[in-house]
Structure formats: structure tokens, C-alpha cells
Amino acid sequence: MKSSEIRSIFLDFFTGKGHLVMPSFSLIPQNDPTLLLIGAGMAPLKPYFSGERKPPHTRIATCQKCVRTPDIDRVGHTGRHATFFEMLGNFSFGDYFKEEAIEWAWEFVREILRLPAERLWVSVFEEDDESYNIWRERIGLPAERIVRLGREDNFWEIGTGGPCGPCSEIYYDLGAEEGCGRANCIPGCDCDRYLEIWNLVFTQFNREPSGELTLLKQKNIDTGAGLERLATVMQGVTSFYETDLFKPLMAYFVDLAGGAELDGSGKVSLRIVTEHSRGIAFLVGDGVLPSNEGRGYVLRRLIRRAARHGRLIGLEGSFLAGVVPLLAELMGSVYPELRERRDFIMQVIATEEERFQETLAMGIDILDDYIQELKQKGEKCLPGELAFKLYDTYGFPLDLTAEILKEHGMTVDRHTFNRHLSEQQRRAREARAASESGGKTDSAYAAARDLETVFTGYDRLEEEAEISLILVNGDARERASAGESVEIFLNRTPFYAEAGGQIGDSGVIEAKGGRAVIARAFFTPSGQIVHEGKVQSGHLSTGDRVAARVESVRRRGVCRSHTATHLLHRALKDILGEHVNQAGSLVAPDRLRFDFTHFKALSPEEKRQVEKTVNKVILENLPVTAEQMTLSEARRRGAVALFTEKYDQDAVRVISAGDYSKELCGGTHVKATGEIGLFRLISEEGIGSGLRRIEALTGMEAYRQAAADASLLQELALKWKVAPEQLLLKAEELLEANRELERLNRQLKERLHGYTVKSLLSGVEVVEGVNVLCSAVNAESFEELRGMTDLIKNSLPSVVAVLGAVHEGKVMLVGTVTDDLVKRGLQANKIIAAAARRVGGGGGGRPGMAQAGGKDPAALPQALRLVKDLVREQLAAGSEAGGPQEK
Ligand code: SER
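Residues numbered from 1 in each chain as written. Predicted model: local features only at pLDDT ≥ 70, side-chain atom pairs only at ≥ 80, totals over all residues. Heavy atoms only, no water.

**Quick notes on the overall build of the chain**
For clarity, the threshold we go by: Strands here are runs of E lasting at least two residues and helices are runs of H or I lasting at least four, both read from the DSSP assignment and numbered beginning at the N terminus. In this setup the radius of gyration rests on C-alpha atoms only. A globule is expected at 2.2 Å times the number of residues raised to 0.38. For this analysis, residues touch if any pair of their heavy atoms sits within 4.5 Å. Residue burial considers only the protein chains on display, and all accessible areas are found by Shrake-Rupley using a 1.4 Å probe. Charge counting treats Lys and Arg as positive and Asp and Glu as negative, with His and both chain ends excluded. In this description, the location of a charge corresponds to atom NZ of lysine, CZ of arginine, CG of aspartate or CD of glutamate.
Scanning the chain for helices and strands turns up 24 helices and 34 strands. Whereas a compact globule of 887 residues would reach a radius of gyration of roughly 29 Å, the chain reaches 37 Å, over 25% beyond that. For the chain, the spread of C-alpha atoms along the three principal axes comes to 115 × 85 × 50 Å. Across the chain, the fraction of contacts at a sequence separation of at least 24, relative to all contacts at a separation of at least 6, is 68%. With the model as given, the accessible surface of the chain reaches about 41700 Å², and the carbon-plus-sulfur share is 49%. Side-chain charges in the chain split into 111 positive and 127 negative, and the spacing between the mean points of these groups amounts to 4 Å.

Next up, the structure:
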């Protein structure tokens, strides 16, 4: 049975049992800060278990993409551990419970999959007699096939807490030959014989943040069956890698690696590359980008680990990116994002692969050196600071370092590594906190948690409202007086709170008895709008009726920038390609910053085109409208909505600028594009792996910039006494004239040096039969000094010459020794090194030619005088040793 069939018959089976089938959720958890990635079918459904949110149906079934990395070390070594997998699951939220869950699971494996009963085993939680009895009596499973296991195996929960409960697992016996061979081997054994294919969790409890276990309001069911494992069993094989989910991918990599059969560690590497390639593509497909933190780090680690194992079997270049089209073909019908974002996924992976390839070889070399040193010292643990250096400078994930060390029977001091890492992260956090909104925690706003503020600012800039809470230094206050800094909460407000890149509004809040100036509005971590500012006069009290007025000039500037951001986004997609997606933005009055995915710098022509396109749309004065609709409607109408999971599926706000752009957005906008006035692209730069940033101006700021540019041109034209349109020509003329002058200058200097050298020749001294010439001269660079020593050598076929010069307070020394004298043991590098020490510096070179810098011009005569002594010493040493000293 093909894996695609297993997926569909599972979902069909549970549709028949009254379940609503939902598509897989994103791998990125939505509104759940406790989870890094979705690692189980139940994870995106957490609020339905607690009853905190009402599910669309009390019975749901899914095939959920999952990423889990705790077993990453076992990937490839076994045929049943993966970092990416698909989990088939049926869920009940306060609907059916143990009996139906067990019965239906049994019906599915026996009657639909037709797995032979004699191969099936089950486990139950040791205290769960109820489940035991259902298996024993209702299903009629023989007692010896039901194993009671402890909390470790049969109480399922996520490490970070949440809905959990005892569970019952179904195992498939792969046969004694796959196992440990022990007579008492049963499910729960660590060997590979019994493959767990389905976990039925009776989700009755909640693990609180305190660690305490509390009863949920309702009884739920959460089941999970790994698709890869079911495929293993249904396709009569013993590992994932032999199923139709992995086989084509493996074949692709084998081909790429030269087609030879691999075994031993080569086979493990091949499996690792294959396995990781799936998770890598799916993570990027869901919007994760490689970084050094959180999800981005999980992705980076997978890519780097795969890149390294690829190298071990001869794969180089962007081999991971190259498998994406095949993967999109294999799985695109179930996960359309793989097809839709295929090029984007490939680009992100290729960029990261290239970046890493550059440093990988270097990092491996360095680590090899460390390993050799450890071996020499007879030590087995790499110091944490060295591992950190590899991580910090060469992008080596700690686990990669640990893995390579393990291959040499060594370990790494993780504790010290982590200390260095958290120190670095703390510094980064502190730097960030300074610039981030509020920087305060939820608890600082505990008093505001149940307040509600109606936002009316899409249509109005002024609102009658009532003060519901005043905070001064985080404490609730009845009243605040002139001079005090306050945070004010209102029941209604026209103030836009900073969100989606758009900065918060400023303005005033005015009551009968006083007035506060509001610098900005933002959301508390739990979603209330805060007006932050200062009481300017009188006082404000809780319950006061007030007029809340947004500063309209500033707001209009923000609206211009925000609409311009949408036009820019569309223009970039049209000009560069659909792979361009917004990755972040800052929308301020008449100023915007737009981060987006793209893989190379924009050419000057592309920048011109982008700017021109946006300005054309501005001139067309298209109406800008906001509409509420369902997410699917928005998609149907072609709205730009990349990672839609963060939106409310039933009511999204779509902003349209005529037919030109349509985008999901909660921000404020102009009424027609003409209001933007003018758009100027100021800069474009790279800000990370596959990410670029554009800064642009709108409205009066754009005009001001244009005016400033024009007056700069005027000033230049005046200075050079030409018309502005002739500036370019003039600049070229000047550059040409300058080049000519430089050439002349060089010629003159050479002549001058010729004279200098001639006069120096009269100062040659003979030391033990050797011509020695040392002198201070006028020169501005080492190059000039070297030129002079060459001239000396042209006139004297056998000489030791050392020239010194002082330029801008620094000493330069150049020394040369002709070959015949090198043979007699004279070494320019040693002479120069000793002379340089005199002038407080150092340098290097070869016996024939050396140079050095120094800091002490006053000591230059002394240093030069030293040369004759050095020559004498070296000659003496040379004759003692009875031969040349050259290395
Ligand atoms: N949550 C359980 C698991 O992940 C069953 O879905 O195994």
C-alpha cells in the first residue's frame, strides 16, 4: 500500500466516524510561546483540549507535519527515527473517550490495513485497568499480548507542559530477527523488534507550569500514528528508508554521489542526508529561515549536519537545494506549499549551503588540530571556549562539534560552551531591549489584563472615551498629576498601537481637569492598548471622560508610508519574481524600511524600475479600500498572504490599492495612492542569508530629499563652473587630469630617487670586505624605499643596503642583501628585525629582502648605525658555522 493511500484511507476512515478532516497546520506554532516547533498532531490543537477555545468540531482528524529533534543522534543508525515525520491522528474534544478510541484503532489496523493479529501487541499504563479491560474484554486480545508499562512509556506529555494523559500503544512485531534475541523481549524493550505504530492518549490532565497535574474540564482523545512507520509495516520492509516516502530521495542522493552502493558509515551518512532534507524543505516552506536562535537554529543545524554528512559521501555544492523539486513532486499534492514556494525554498537552502561550505572546511581543519592536540595531551574533552569559538567564528553548531568529537571517542565541555553562549545572548538581548517597545513583561500590566479597548482609529482620529486605568511606574493610580509619566488605558481609542511594523500613534488625551501628551501607543503582551505619555497640565483620573486625539500630521505620514510599502511589495514581486516576500518592515511618518527575501543585490536598473513603478501607481491615484472577508476568500482574490496561520481564518482584513495590490493587513492607509505624493528609494542592502532591505521615503520627506539632491548638484556645478548637466563630463575630465598628474609625479620621483641613490653611493663603507650602505632618505612609502634599494643593487652587484625613512611620524626600514652575500651568511630579515627593535617596531621578510615599521623616529640614526655591527656578527657566525646560514 502506497503511503499516499495510507494517508487517505486513514482520513476517510475517520470521516466515516464523524470527524472533520483539517489540513496540516504550519510547523510554526501559532500563539504558543511554549513550543518551538510542532512536534505532534495534537500540538496545534492544544487550546481545544483545555476548552479554552471552541474547536470547529468535537471530532477532528489530521495528517500533521511534525519536527522533533531529541532523537537526532539516532537518525540514520536506526530505520525508525526521524526529525521530520507525518503524524496521522484522530482527536476528540469532550466527545468520545477510551472505548471508541480503542475500538476504532483496532478496526482500522485489522479491517482496513489488514495487519495480522498475531503480529500486534498493545501496551497500557500500569494503573489504567479500564483500558486493559477494554482491550481484554471488548476487543478480546489475549492477556499475554497486553503489556502494562510505567509512566516513562505510557503517560504521554509534552516536556513544556499542557494537556496530557495515560496512553495505550499499538505495536507491530517486525520479527525475532530484528530484535535483541532475548527470550523475554516484549514491547517496551529498547531493541528494534516491536515497532510502535499508534499511540492513543487519553487526555484528561493538564501539566501546569508549576509542574502540578490538574484535571481538564473535559475528557479528550489524542491519537498519533506515524505515517512512516505505518508505511514500513504496510510495505513489508523494516526501515523508513525502504518505503516509497524515502526511496526516491535516497536514489537521488546516491546518483549524485556517483551511484555506488554505500555501506557502514557511508550508509548512515546517506540516510542522514536523506532524512534531514525533508525537514529542511518543510521548515523553510513554512517560513523558518536559518539563524542562530530558536527555530532558525534547528533549521541551520539540520542543514549543516546534512552538509557535513554529504561531504563524507562526496556530495558538494547545493545538493540539498537540488532535491527540493523532487520532494515537491512527491509530496506537493498533500502539502501544496512545497510547490508554491519551491523556488523560495531552494534559494534559502542554497544560500545557507553556500555560506556553510565556505566555512565548513576551515572549521573541520581547526577542529582536527584541536583533536590532535587533545590526543597529544592524552585528554578527551574539548574545552567549552574552543567549541564556542568554532560556533561563533566558523558557524559550527555545537552538536556537529560533539558529533565529530564522538567519532574520536571524545566529548565537549557543554557547560562552559553554554556559559559563553548565554553570555553572548545576554549581550544581544540587552542591545535589543533598549530599542524594543516597552520592554516590560506581562506582569507589569497585570492590572490591565481584563480590560478591553475598542479601536476606532481606522476612520476617526478623535474619540470620546473614558479612562479605565492609569499606571504610574507600573502601579495602578486613581489620579496622575502634571509632570508625571503615565500609561493610560481607555475604553475606546483612535490611537493605533504599534503592530505589523507600523509605529504607534502619538497625540493628546484631554479631560476637563487636565491634559496628557501621548508619545506613542502600543500593545501590552496580553493585547491591551497602552497610551504612553506625560501629564502636561492639571490631572487625569480613572473614570474621567476624555477626548483622545491622534496627531494627524504624523498619522498621515505613516499612512503614506504604509500604503507605499504595499505598492513596493507588489512592485518587487513583479520586477524580481514571486519569490519576493515581506520579512519585516518599519512604517514611520514618510519613512519606511522593507525587508524581503531575495538572493542578490538589486541592479541599478532594477532599483530605478522599482521606484518608477511605485511612482506610476501613485500617479494613477488608485482608490485604497479595506474589506473584511474569510481567509479563503482573500486567497481566492489573490491577496498577498504568505504565512496565513497567524491570522484569524474567518475574518481577515484585506487592503486593496485598485487592482494593483491586495494584501492582508491590519494597518492604516491613505484613501487613494495619489496622497503618497512621491516615493524615493534611498538604499538597498543585504541583511542576512537571502534577506535584503530597502529604505525609502514618501511625501514631504521624499520631496526634501529630492530637493537636497538638486541643490547639491547646483553647488557642485557652481564650484566647477559648469552647467549641472555637464557635471559628469567635468568629473571625468578632472579624473583624467588627475591620473596624468600622478603619472608625472611618479616619473619625477623616480628621477629624484636616481639622484639620491647616486649621492648615497659615495657613502658606501666596506666592512670585512663587504659593501655596506645605510642611510636615512626622503620617501613616503615602502614601495619608494624598495625602488631605491633596487637602484642601489643595479649599481653595486654586491652590497648590504638598509634605507630608513620617516613619514607621518612612522619609521619605515627596508633592507636588501645581494645573493652572493646571502651565501656568506648575511640575512636581511635578521638585520631588519634587529634594527626595527631599536625604533620600537617589527617586520619580516627573506634573507634577500626585508622590511619593517617602527614608532620611534628619533631612534632611526641609531638603528641605522647598528647595521655595520650586525653585518660583522653575521659574517663571524657564518664563518664559524663554516657555510651559508640560509634557511
Ligand atoms: N500526542 C501523542 C504523540 O505524539 C499522540 O498523538 O505520540
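**Details of the pattern of salt bridges**
Filter applied, for reference: A pairing counts as a salt bridge when a side-chain nitrogen of Lys or Arg comes within 4 Å of a carboxyl oxygen of Asp or Glu. Exposure classes here rest on a 1.4 Å probe applied to the protein chains alone. A residue is buried below 20% of its type maximum, exposed above 50%, and partly exposed in between.
Counted by the stated rule, this structure contains 47 salt bridges. When the shortest N-O distance is used, the salt bridge between Glu 484 and Arg 477 registers 2.9 Å. The class for Glu 484 is partly exposed, based on a relative accessible area of 23%. Ionic pairing is found between Asp 590 and Arg 560, a salt bridge with its closest N-O pair at 2.8 Å. Here Asp 590, found in the loop between strand S22 (582-588) and strand S23 (591-597), pairs with Arg 560, found in helix H16 (residues 552-576); they are 30 residues apart in sequence, far enough to count as distant. Taken individually, Asp 590 and Arg 560 each receive the classification buried, so the pair is uniform in this respect. Through salt bridges with shared partners, one network takes in Arg 305, Arg 308, Glu 403 and Glu 407.

**Remarks on the sheet that holds strand S33 (residues 842-845)**
Inclusion rule: Here, a strand pair is defined by DSSP locating no fewer than two bridges between the strands. Fitted lines through C-alpha atoms give the axes, limited to the stretch in contact for helices. The angle between two N-to-C directions lies from 0 to 180 degrees.
Reading across the sheet, the 6 strands line up as S29-S30-S31-S32-S34-S33 and stay open at both edges, with mixed pairing between neighbours. Since the sheet does not close on itself, it has two edges, and those belong to strand S29 (765-767) and S33, each with one partner. Between one strand and the next, the sheet's axes are offset by a mean angle of 20°, whatever the strand orientation. When strand S30 (residues 770-776) meets strand S31 (residues 800-807), the two strands line up parallel, connected through 5 bridges. Bridge pairing links Cys 774 to Val 802 in S31.

**Examining the site of the ligand**
Formally: A molecule or strand has a residue near it when one of that residue's heavy atoms lies within 4 Å. We call two N or O atoms a polar contact when they sit within 3.5 Å, provided that within protein one can donate a hydrogen and the other can accept it, with sequence-adjacent residues counted only if both atoms are side-chain atoms. Basically, the charged four are Asp, Glu, Lys and Arg, the nonpolar ten are Ala, Val, Leu, Ile, Met, Phe, Trp, Tyr, Cys and Pro, and anything else, Gly included, counts as polar.
Taken together, the neighbourhood of the ligand is formed by Ala 40, Met 42, Arg 68, Met 87, Trp 156, Asn 199, Val 201, Asp 222, Thr 223 and Gly 224. Contact distances for the ligand include 3.4 Å between an oxygen atom and a side-chain N or O atom of Trp 156. A distance of 3.1 Å is found between an oxygen atom of the ligand and a backbone nitrogen or oxygen belonging to Gly 224. Alone, the ligand offers 230 Å² of accessible surface; in the complex the protein occludes 96% of this. Among the elements of the structure, strand S8 (194-207) and strand S9 (213-226) are those that each provide at least two residues to the shell around the ligand. Ranked by the residues each element gives to the shell around the ligand, the list is headed by S9, at 3 residues. Classifying every residue of the shell around the ligand by side-chain character gives 5 nonpolar, 3 polar and 2 charged.

**A short note on the packing of helix H12 (residues 342-377) against helix H13 (residues 384-394)**
Selection rule: For classification purposes, an angle smaller than 35 degrees is called roughly parallel, one larger than 145 roughly antiparallel, one from 65 to 115 roughly perpendicular, and anything else oblique. Note on convention: near helix rotated counterclockwise from far helix by under a right angle means a left-handed crossing. Clockwise means right-handed.
Interhelical geometry of H12 versus H13 gives an angle of 165° and a closest axis separation of 10 Å. By the angle class used here, H12 and H13 are roughly antiparallel. Between H12 and H13 lies a crossing whose hand is right-handed. Counting all contacts with H12, which are made through Phe 356, Thr 359, Met 362, Gly 363, Ile 366, Leu 367 and Tyr 370, the residues of H13 involved are Leu 386, Lys 389, Leu 390 and Tyr 394. Among the residues making up the contact of H12 with H13, the classes are represented as 8 nonpolar, 2 polar and 1 charged.

**Describing the environment of Lys 730**
By the secondary structure assignment, Lys 730 is in helix H20 (residues 727-761). Each C-alpha atom, one on Lys 730 and one on Ala 717, is 9.3 Å from the other, the two residues being 13 residues apart in sequence.

**As for the state of the cysteines**
As a reminder, the rule being used: The disulfide criterion used throughout: a pair of cysteine sulfur atoms within 2.5 Å.
As enumerated under the stated definition, the model contains 0 disulfides in all. Unpaired in this structure, Cys 164 has its nearest cysteine sulfur neighbour in Cys 167, at a distance of 11 Å. In this structure Cys 164 comes out as buried when scored by relative accessible area, which is 1%.

**Description of helix H3 (residues 98-112)**
Rule in force here: Helices are assigned an expected span. That span is 1.5 Å times one less than the residue count.
Look at H3: 20 Å from first C-alpha to last across 15 residues, which is about the 21 Å you get at 1.5 Å a residue. Residues of H3 that are buried: Lys 98, Ala 101, Ile 102, Trp 104, Ala 105, Trp 106, Phe 108 and Val 109. Positive phi shows up at Arg 114, right after H3, with a value of about 55°.

**Structural notes on empty space enclosed by the protein**
This is how it is decided: Think of a 1 Å grid over the protein atoms and nothing else: a 1.4 Å probe that fits but is trapped marks a cavity, an open set flanked by protein within 12 Å on at least five of seven lines marks a pocket, and residues with an atom within 4 Å of a point count as lining. Grid points are joined across faces, edges and corners, and a volume is the space filled by probe spheres set on the points.
The final tally for this structure, using the stated rule, is 1 cavity of 30 Å³ or more. There is about 30 Å³ of room inside the largest cavity. Considering the residues around the largest cavity, the lining is formed by His 566, His 569, Arg 570, Lys 573, Val 640, Ser 661, Lys 662 and Glu 663. At the level of elements, H16 and strand S26 (661-664) are the ones that each hand at least two residues to the lining of the largest cavity. In terms of residues, the lining of the largest cavity owes the most to one element, H16, which gives 4 residues. Broken down by class, the residue content of the lining of the largest cavity amounts to 1 nonpolar, 3 polar and 4 charged.

**Section: a nonpolar patch on the surface**
The test is simple: Put simply, a patch holds well-exposed residues, over 30% relative accessible area, that have no salt bridge, with like charges counted together within 9 Å and Val, Leu, Ile, Met, Phe, Trp or Tyr side chains within 5 Å.
On the surface, Leu 712, Leu 713, Leu 716, Trp 720 and Leu 734 cluster together to form a nonpolar patch covering roughly 420 Å² of accessible area. Of all the elements, helix H19 (residues 699-720) adds the most residues to the nonpolar patch, at 4 residues. Here Leu 716 is to be found in helix H19.

**Description of the packing of helix H1 (residues 3-16) against helix H6 (residues 227-234)**
For the pair H1 and H6, interaxial distance at closest approach is 9 Å and the crossing angle is 115°. Like other packed secondary-structure pairs, H1 and H6 cross with a definite hand, here right-handed. Between H1, through Ser 3, Ile 6 and Arg 7, and H6, the contact on the second element is made entirely by Leu 227, Leu 230, Ala 231 and Met 234. A per-class count over the contact of H1 with H6 returns 5 nonpolar, 1 polar and 1 charged.

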